[in-house]
Amino acid sequence: MTVNERIPDYDLEDMVVVTAPGQLRALADPLRGIILELLLERAATVTEMARAVGRPKSTVAYHVNLLVDEGLLRVVRTRRVRAIEERYYGRVARTLYIGALTRAEDKQVVAAINGIAEAAAESAAAHAADDVRCTLVHARIPIGEVRNFWAEVQELARQFAQIPRSGDQVYGFVAGLYPTDAPTLPDAVFEPAG
């Protein structure tokens, strides 16, 4: 797999921990989530983002300004076009990690952010066309191994996001790691032979 270390085309932190109520509410909005996702590819102007999402510039500008105010986006460069300074926006970090929350209302906001549910809805057409690549595996493992495995998955997602852009189709990559009530076999009991 070819990886382009300059995707996106601006400098950003690897990860920022998000816990502020305003930031959490900002992340919970679907359009703002799309804007943040677009900016993983490259920096963009409000006009470019509005064209990409098929929404009015004023609507996109409102959401971009809110993300800037909450510290999730920033101006990464400017360009003079005639008498106007055009701003290019970028994310503050590749990964926006939701940290430990104490307020019940914050937990409720975050509960609405479910990438797996979003991916399931988004992939319905591909599933109907038999064009989904998916695997689901259950394993009974200790929490330390969960953390190690998740770090590897995050690295794989980072690599996926940095594959050079080309082609006509956009692909989604989703990964989830969650506790379940899936059945497990009892621990094996080894009895001496004989």
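Our structure's up above, just so we're on the same page.
Residues numbered from 1 in each chain as written. Predicted model: local features only at pLDDT ≥ 70, side-chain atom pairs only at ≥ 80, totals over all residues. Heavy atoms only, no water.

Participant: Honestly, the overall build of the chain in this entry has me stumped. Any pointers?
Facilitator: Tallying secondary structure elements over the chain gives eight helices and four strands in all. For 194 residues, the compact-globule formula gives about 16 Å, and the C-alpha radius of gyration of the chain, at 21 Å, lies well above that figure. Overall, the chain is about 90 × 45 × 30 Å in size when its C-alpha atoms are taken along their principal axes. The buried share of the chain, taken over its 194 residues, is 23%. Partitioning the intrachain contacts of the chain with sequence separation of at least 6 by distance along the chain shows that 70% fall at a separation of at least 24. (Helix = DSSP H or I, 4+ residues; strand = E, 2+ residues; numbered from the N terminus. Rg over C-alpha atoms; globule rule 2.2 N^0.38 Å. Buried < 20%, exposed > 50% of the residue type's maximum accessible area, 1.4 Å probe, protein only. Contact = heavy atoms within 4.5 Å.)

Participant: Is there a simple way to explain the environment of N114 in this structure?
Facilitator: Mapped onto the fold, N114 is located in the loop between α5 (104-111) and α6 (115-122). The spatial distance from the C-alpha of N114 to the C-alpha of A28 is 9.3 Å, given a sequence separation of 86 residues.

Participant: Is there a simple way to explain the nonpolar core in this structure?
Facilitator: Within soluble globular proteins, side chains that are nonpolar generally end up buried alongside one another. I35, L39, M49, V64 and L96 are the most contacted members of the largest nonpolar core, which totals 27 residues. Of all the elements in the fold, those that place two or more residues in this core are α1 (21-28), α2 (30-38), α3 (46-53), α4 (57-69), β3 (84-91) and β4 (93-98). Once residues within four sequence positions are removed from consideration, V64 is found in contact with I35, V46, M49, L73 and Y89. (Core = buried A, V, L, I, M, F, W, Y, C linked by side-chain atoms within 4.5 Å.)

Participant: Where do I start with α4 in this structure?
Facilitator: One turn of the α-helix equals 3.6 residues, which is why residues spaced by three or four share an orientation. Its 13 residues place the ends of α4 18 Å apart at the C-alpha level, agreeing with the 18 Å of an ideal helix rising 1.5 Å per residue. All of the buried residues along α4 are V60, H63, V64 and L67. Along α4, the residues classed as buried sweep out an arc of 100° about the axis, all on the same side. Opposite its buried face, α4 presents the exposed residues S58 and D69, each directed more than 90 degrees away. The secondary structure elements touched by the buried residues of α4 are α1, α2, α3, β2 (73-81) and β3. G71 sits one or two positions beyond α4 and adopts a positive phi of about 80°. (Expected span 1.5 Å × (residues − 1). Arc of directions from axis to C-beta.)

Participant: Can you walk me through the environment of A111 in this structure?
Facilitator: As for its placement among the helices and strands, A111 is situated in helix α5. Placed 83 residues apart in sequence, A111 and A28 show a C-alpha to C-alpha distance of 9.0 Å.

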